[in-house]
Amino acid sequence: MSGPRVNSFFHGNSSGVNFSIILSSVDEETGSLQLANCSGSARADGWNLNVTPGVNISKVTVSSTQNLQLCLPNATDCCAAPLCVLETLQVLACRDSVVLAHLLIQAEIYANSSFTGNVSENATVIPNQVFQPLGSCPCDLTAGTCDVRCCCDQECTPDLKQLFNGSCFTGVFGGDVNPPFDQLCSSQSMEYTPDWFPFLCVQSSLNNTPFLGYFYHGSTSTPRVPPFKIPLQTSPGKLFTGYRQGDPIMTEENEYFTIPQQSLAGQCVGNAPVAYLQNFDAKCLSDRVSYKDGLPHDVRINTGTGDFIQQNVIYRTVTDTGKFITESESLPTAELLCQNVTFAEHYTFIWKDKNIERINVTVFLGSLCDGEILTQRFTARFLNSEGTNAAEPLGNPGYQVGNPVRAANINASETFGSLNIWQPAGRGLCTSATYTPVLFGLDSLSGCVLEVAINEDCRFLRRNVTEKLNSLIQATHVGKRDNSNYSDLNDWVEIIRLDPFNSDTNVSTQNFNGICPDIPANLNIRIIFADVGAIQGVLQQEILAVQISYSTVIWQFQCGLICENSISFLPITASVQFIEVPAQPPVPMTRFQINYTEFDCNRNDVCWPQLFYPLTRFYTGEPYSRSLAKGLALAFLVLLAALMSNPWFSKIWNSSLL
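Quick caveat, the model's predicted, so the values are computed rather than measured. (Residues numbered from 1 in each chain as written. Predicted model: local features only at pLDDT ≥ 70, side-chain atom pairs only at ≥ 80, totals over all residues. Heavy atoms only, no water.)

K.L.:
What is the right way to look at the sheet that holds strand β18 (residues 407-408) in this model?
P.N.:
Strand pairing in a sheet relies on backbone hydrogen bonds, with the paired strands running either antiparallel or parallel. Spatial strand order, β18-β23-β24-β26-β25-β27-β21: 7 strands in an open sheet with mixed pairing. Strand pairing shows two members of the sheet lacking a second neighbour, β18 and β21 (444-453), which therefore form its edges. The pairing of strand β25 (residues 515-535) with strand β27 (residues 567-580) spans 8 bridges and is parallel. The partner of L523 across the bridge, within β27, is A574. Those strands touched by helix α3 (residues 458-470) are β21, β24 (492-497), β25, β26 (538-556) and β27, and its axis lies near 15 degrees from that of β25. (Pairing = 2+ DSSP bridges. Helix = DSSP H or I, 4+ residues; strand = E, 2+ residues; numbered from the N terminus. Contact = heavy atoms within 4.5 Å. Axes fitted to C-alpha atoms, helices over the stretch in contact; angles between N-to-C directions.)

Structure representation (structure tokens):
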């Protein structure tokens, strides 16, 4: 060990085991260590032994209690030499005076070189580099030694300077930190001096030279805030004044409250922050080896006003694991290892105005074994405290990107509906695929694979594929807004269904094995929406219409070398497309815009109407008063040039000189 502390682990049952530490010495004649027995204790000369027991494993920590500072004059209990500790330690694990384990430690620790004494107040004051040179001799790079060719170095004696007196560094690096500059009136360094130089030269002292700050960069590196943390507020009173939609929810430790969520790439992010008033439903794949526990449920949440609330957690056991276990590999029963893991977590946030009043969490636990793939589900819902019924959310009137599209069966006794797409797992078969809701504003494409035999009846295949696709749309209407009321029909739009082409009555009755035309293998969901306003700067959007159509394909059995009575595959897909339309019709074009297209800035590279763009109110590059003044000055110069170029101006000028 080279530090004051070292850790090790004792594998096995630590019940009844006595741990001790012994400071060993080396036999000078044989050079071997003296044998240790079990009569030691947890402390030795300058050393402590600490054991943290666990399940079949215990953490053993050996730490030094010695002072590792170098000795100051007339000081004791410190290190007299840089090599402070050079000792050999033995850690024994004994049970009933029998040595079970033996650990040998060679400690070689050097003294701490950091200064802990009193700092002298005679500190060197560094001048401001902007107003005076930081160093009068920049070429003096070595302290206490004469730098060659550095004639301003104070360590260089006159005898040494004679060796390189003719080759000294020149310019700023050589010590001429205030050289005369070209704009100085007394400077004659310019080879060509124009006639107007005495009128525009600068009368200034050499102390006010443009070479000031020659080595001054002026940029400072500000420390970056660690991820998922925010700087603490030092103002008195409460920390927050309330959440706004989209703000991350904070914990008592001033960190983000995180729940596993899916990223835009489809991957599951375990430490994704939870945004206020944004519902989500995420599914993550995991196995027993890669499984990781999430944020503990004893974390207290900031309500938005500086107060903290505890999560109300209810634990339940999953009885039907078939909804979560999507794939299983056959492993020997003797080698099968299982672990109790979390199958699903459902969070319900009860909110009012800008604050969180209560958090209810339902955790479903189950057993996950080797070879099984688990589909974990994490959901978060925000319900208003004035109406906590999940069927009647009182959230924002418009949809937000990423929220599930609401669906309903208006004419049925059970009004709740669903608008889903597939989420395949395992081999991608339709029989094992699960559903995921359609998310507003996110175009998506999903599908699964259907097993088809070579002698499959085409009519049965069409009906089977149609039923699979229709199972995704268990609704007759779609909510215009995110808070559509089930009892108000005006809050819903009817789904326009374009039924698939029924070829059962139009195709020839002749049946060919392995070929089926007009199979409705593609489901197209088109959702038309528009912007209807904003609340607290957050854009609100509304669904105007929903259309469902089918695209047909010709299925043909794929043969290898020979066509046997085997299974082929038919991929079926479901696509979702969101189409934005303007909330109001666009302003019609004028006759001038229609006829004179050369003046249309959107159709031509040269935009003549924007010739005086800097003089308009739309230009924000600088204050309007400054741009107007520059424009007027430019117009005056153009007018003056036009006047002076006129022949009669020269005649008037010549006549005035006579």
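K.L.:
Which parts of the structure should I look at to understand the pairing of β27?
P.N.:
Each regular strand shows side chains that alternate between the opposite faces of the sheet. Here β21 runs beside β27; their pairing, made up of 10 bridges, is antiparallel. Across the sheet, residue V452 finds its bridge partner in β27, namely S568.

K.L.:
Would you explain the nonpolar core in this entry?
P.N.:
Core analysis: the largest hydrophobic core is formed by 42 residues, its most contacted members being V405, L461, L523, I527 and I543. If you list the elements that add at least two residues to this core, you get β19 (418-423), β21, α3, β24, β25, β26 and β27. With 7 residues, the top contributor of residues to this core is β25. Counting residues in hydrophobic clusters, the runner-up holds 23 residues, among them F257, F280, I359 and F382. (Core = buried A, V, L, I, M, F, W, Y, C linked by side-chain atoms within 4.5 Å. Buried < 20%, exposed > 50% of the residue type's maximum accessible area, 1.4 Å probe, protein only.)

K.L.:
Would you take a moment to explain the pairing of strand β4 (residues 47-52) for this structure?
P.N.:
Sheet topology places strand β3 (residues 43-44) next to β4; 2 bridges connect them, and they run antiparallel. The partner of R43 across the bridge, within β4, is N48. The antiparallel pairing of β3 with β4 creates a hairpin that spans 2 residues between the two strands, and G46 there sits at a positive phi of about 85 degrees. Two elements, β4 and strand β5 (residues 57-64), share 6 bridges in a ladder whose sense is antiparallel. Counted as the bridge partner of W47 is S64 from β5. Between the end of β4 and the start of β5, which pair antiparallel, lie 4 residues, with N56 showing a positive phi angle near 60 degrees.

K.L.:
How should I be thinking about the packing of aromatic side chains in this particular structure?
P.N.:
Within a pair of aromatic rings, the relevant descriptors are the distance that separates the centres and the angle that separates the planes. Taken as a whole and assessed by the stated rule, the structure comprises 13 aromatic pairs. When the centroid spacing of 6.4 Å and the interplanar angle of 15 degrees are considered together, the rings of Y347 and F349 count as stacked. Given the relative accessible area of 4%, Y347 is considered buried. Residue F349 is classed as buried on the basis of its relative accessible area, which comes to 0%. Both rings, one in Y399 and one in F440, keep their centres 4.8 Å apart while their planes meet at 15 degrees; by these two values the pair is stacked. (Phe/Tyr/Trp six-rings, centres within 6.5 Å; stacked < 30°, edge-to-face > 60°.)

K.L.:
Can you walk me through α3 in this structure?
P.N.:
Note that an α-helix has 3.6 residues per turn; residues three or four places apart therefore point the same way. Over its 13 residues, α3 extends 18 Å from the first C-alpha to the last, a length consistent with the 18 Å expected when each residue adds 1.5 Å. Here α3 has its buried residues at C458, L461, R462, V465, T466 and L469. Each buried residue of α3 lies within a common arc of 130 degrees when the element is viewed along its axis, so the set occupies one face. Structurally, α3 contributes buried residues whose contacts are with β19, β21, β22 (473-474), β25, β26 and β27. The N-terminus of α3 is capped by D457, whose side-chain oxygen sits 3.2 Å from the backbone nitrogen of R459. (Expected span 1.5 Å × (residues − 1). Arc of directions from axis to C-beta. Polar contact = N/O pair within 3.5 Å; in protein donor to acceptor, adjacent residues only side chain to side chain.)

K.L.:
How do you make sense of the state of the cysteines when you look at a structure like this?
P.N.:
Covalent bonding between the sulfur atoms of two cysteines defines a disulfide. Throughout the structure, instances matching the rule amount to 10 disulfides. The disulfide partner of C430 is C448, and the S-S distance across this bridge is 2.0 Å. Taking the torsion about the sulfur-sulfur bond, which here is approximately 90 degrees, the covalent link between C430 and C448 counts as right-handed. Within this pair, whereas C430 is found in the loop between β19 and β20 (434-437), its partner C448 is found in strand β21, the two being separated by 18 residues in sequence. Residue C430 is classed as buried on the basis of its relative accessible area of 8%. Using a relative accessible area of 3% as the deciding quantity, one classes C448 as buried. (Disulfide = S-S within 2.5 Å.)

K.L.:
What am I meant to see in the pattern of salt bridges here?
P.N.:
Close approach of charged atoms lets side chains of opposite charge pair. Considering all chains together, one arrives at 4 salt bridges under this definition. Measuring nitrogen to oxygen at the nearest pair gives 2.7 Å for the salt bridge that ties R377 to D281. Residue R377 is located in strand β17 (residues 372-384), and its partner D281 is located in strand β10 (residues 280-287); the two are separated by 96 residues in the primary sequence. R377 gets classed as partly exposed once you look at its relative accessible area, which sits at 32%. D281 gets classed as partly exposed once you look at its relative accessible area, which sits at 25%. A salt bridge links R481 to E542, with the shortest nitrogen-to-oxygen separation between them at 3.5 Å. Here R481, found in the loop between β23 (477-479) and β24, pairs with E542, found in strand β26; they are 61 residues apart in sequence, far enough to count as distant. Through salt bridges with shared partners, one network takes in R481, D491 and E542. (Salt bridge = Lys/Arg side-chain N within 4 Å of Asp/Glu carboxyl O.)

On their own, these measurements won't tell you what the molecule is for.
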